[in-house]
Amino acid sequence: MGNSGGSLTTRSTGELHQFMRAAGFTGIDDTQVLAEGWQVTDFADAGRRSLANLVQQTGTPAVMVSFLDSDVGFIEALTPDGNGWQGLLNREVAKSYEMPLEHFPIEPAVAGALAWSTAAGLTPDEQAIRQTLTGSALFAEELSSALLVALGLPGAIQPSQTRAWCIT
């Protein structure tokens, strides 16, 4: 198992890559522009405080998913006022890797996601958030895309229906 990078989603009016580099992100890839200023950028690596540094610099909420071989996604989200939440994507795969699932309880993650989304001025879908955090997929990136839709990010696209993923 190895790390396969991650994905950062935030609203930025400036040069996002510059903010990311200053915050400690490396291997920054192209940015996908969603709507209303929201952007998604893939990266190779992030420092322990990279997300906090970026949110402090930009003054906008951000959500980051770090992927483990595209099998599992570790979610970290923050708002400028310091509120945040953490979660896990692809719990069944994480369980098969013998990861301690008790470190990623569902209810606090759902509550945190709802609060984060509301603080970001979005309209979340609680049931879809819960399904995404408990669902499984061939690739954790598909669940990450579904999470963005569930959080209410404008312009976020649901994973292709032709891909193999299911909500369990």
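In the block above lies the structure referred to throughout.
Quick caveat, the model's predicted, so the values are computed rather than measured. (Residues numbered from 1 in each chain as written. Predicted model: local features only at pLDDT ≥ 70, side-chain atom pairs only at ≥ 80, totals over all residues. Heavy atoms only, no water.)

**Details of the packing of aromatic side chains**
Part 1: Applying the stated rule across the entire model yields three aromatic pairs.
Part 2: Centre to centre, the rings of Phe25 and Phe43 are 4.9 Å apart; their planes meet at 75 degrees, and the pair counts as edge-to-face. On the criterion of sequence distance, the pair formed by Phe25 in the loop between helix H1 (16-23) and strand S2 (31-33) and Phe43 in strand S3 (residues 38-43) is long-range, its members being 18 residues apart.
Part 3: Looking at Phe25, the relative accessible area reads 2%, which means it is buried.
Part 4: Classification of Phe43 by relative accessible area gives buried; the value is 5%. (Phe/Tyr/Trp six-rings, centres within 6.5 Å; stacked < 30°, edge-to-face > 60°. Helix = DSSP H or I, 4+ residues; strand = E, 2+ residues; numbered from the N terminus. Buried < 20%, exposed > 50% of the residue type's maximum accessible area, 1.4 Å probe, protein only.)

**Observations regarding the nonpolar core**
Part 1: Core analysis: the largest hydrophobic core is formed by 28 residues, its most contacted members being Ile75, Trp85, Trp116 and Leu133.
Part 2: Within the residue set of this core, elements represented by two or more residues are S3, strand S4 (62-68), strand S5 (72-78), strand S6 (84-89), helix H4 (106-119), helix H5 (126-134) and helix H6 (140-151).
Part 3: A total of six residues in this core trace back to one element, the largest contributor, which is H6.
Part 4: Among all residues touching Trp116, those that are not within four sequence positions of it are Trp38, Pro61, Ala62, Val63, Ala77, Leu78, Thr79, Trp85, Leu122 and Leu151.
Part 5: Among the nonpolar cores identified, the runner-up in size contains 13 residues, and Leu16, Ala52, Ala62 and Leu78 belong to it. (Core = buried A, V, L, I, M, F, W, Y, C linked by side-chain atoms within 4.5 Å. Contact = heavy atoms within 4.5 Å.)

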